Each structure stands twice: as C-alpha cells, then as structure tokens.
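Letter by letter, the chains look like this.
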Amino acid sequence: MTLYHKNSEGYPDPSAGEALANIARDDRRARRLERMQAQEDYEHLCRQFKRMAEESGFEFPGQIWLREVKTGRIFKNG
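Thresholds applied
Residues numbered from 1 in each chain as written. Predicted model: local features only at pLDDT ≥ 70, side-chain atom pairs only at ≥ 80, totals over all residues. Heavy atoms only, no water. Helix = DSSP H or I, 4+ residues; strand = E, 2+ residues; numbered from the N terminus. Rg over C-alpha atoms; globule rule 2.2 N^0.38 Å. Buried < 20%, exposed > 50% of the residue type's maximum accessible area, 1.4 Å probe, protein only. Lys, Arg positive; Asp, Glu negative; His and termini not counted. Charge placed at Lys NZ, Arg CZ, Asp CG, Glu CD. Salt bridge = Lys/Arg side-chain N within 4 Å of Asp/Glu carboxyl O. Phe/Tyr/Trp six-rings, centres within 6.5 Å; stacked < 30°, edge-to-face > 60°. Core = buried A, V, L, I, M, F, W, Y, C linked by side-chain atoms within 4.5 Å. Contact = heavy atoms within 4.5 Å.

A. Structural context of the overall build of the protein chain. Secondary structure summary: the protein chain contains one helix and four strands in total. Along the protein chain, helices (α) and strands (β) appear in the sequence β-β-α-β-β when read from the amino end. In terms of overall size, the protein chain is more extended than a compact globule, its C-alpha atoms giving a radius of gyration of 22 Å where 78 residues would be expected to give roughly 12 Å. If you line up the protein chain on its principal axes, its C-alpha atoms span 70 × 20 × 15 Å. Per-residue burial over the protein chain gives 12% buried out of 78 residues. Of the side chains in the protein chain, 14 bear a positive and 13 a negative charge, and the two mean positions are spaced by 4 Å.

In structure tokens:
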C-alpha cells in the first residue's frame with residue numbers, strides 16, 4: 001500500500017508513509033487477535049460453568065453474560 005506521507009519540510013516521503021501504514025496494520029491485527037482470544041476465553045468459561053452446574057445438579061436457564069474488565073466488552077452466549 002502506497003501512502004504518501006509528507007516530511008517536516010512538506011515533501012512527499014513514501015517510505016515514512018509505508019512504515020506508518022505497516023504500523024497501523026500491525027496494530028489492527030494485534031487488536032483483532034486480542035478480541036478473538038477474549039471470545040475464546042469466554043466460550044471456555046461458559047463450558048466450564050455449565051459443566052460445574054451440571055455436575056452439581058443445576059443448569060443455566062438463560063444467557064451467561066460476562067464483562068471483560070480490561071476493555072469493558074460484554075460477552076453473551078446465544
């Protein structure tokens with residue numbers, strides 16, 4: 001991806017523009033991986049909660065909602 005960034009003197013600096021684009025892409029990729037990991041962690045916890053409840057003679061009649069402390073994102077099972 002060619003992104004034309006300008007240097008401090010106002011001249012086009014495509015190398016810096018490409019470097020900034022790469023940094024932004026890597027940041028987006030890292031955030032996406034974090035979201036995917038959080039979803040996997042939530043699903044794992046739900047399975048554990050349901051298994052523990054079943055072993056104790058209980059069940060979850062509705063959704064399990066959890067909020068991730070770090071991001072405030074709320075997870076619900078369907």
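B. Expanded view of the pattern of salt bridges. Tallied over the full model, the rule gives two salt bridges. The shortest N-O distance in the salt bridge between Arg25 and Asp26 comes to 3.5 Å. Between Glu55 and Arg51 there is a salt bridge, with the nearest N and O atoms lying 3.3 Å from each other. Of this pair, Glu55 and Arg51 both sit in helix 1 (residues 14-55), separated by four residues, roughly a single helical turn. Judged by relative accessible area, Arg51 falls into the partly exposed class, the value being 41%.

C. Inspection of the packing of aromatic side chains at higher detail. The tally for this structure, following the rule as stated, stands at two aromatic pairs. Measuring from centroid to centroid gives 5.4 Å for Tyr42 and Phe75, while their planes differ by 20°, and the two rings are stacked. On the criterion of sequence distance, the pair formed by Tyr42 in helix 1 and Phe75 in strand 4 (residues 74-76) is long-range, its members being 33 residues apart. When the centroid spacing of 6.5 Å and the interplanar angle of 40° are considered together, the rings of Phe49 and Phe60 count as tilted. Placement of the pair is Phe49 in helix 1 and Phe60 in the loop between helix 1 and strand 3 (65-67), with a sequence separation of 11 residues. Residue Phe49 is classed as partly exposed on the basis of its relative accessible area of 27%.

D. Structural context of the nonpolar core. By size, the foremost hydrophobic cluster in this structure holds five residues: Ala38, Tyr42, Cys46, Ile64 and Phe75. With three residues, helix 1 is the single largest residue contributor to this core. In this structure Ala38 touches Glu68, Arg73 and Phe75, once residues within four positions along its chain are discounted.

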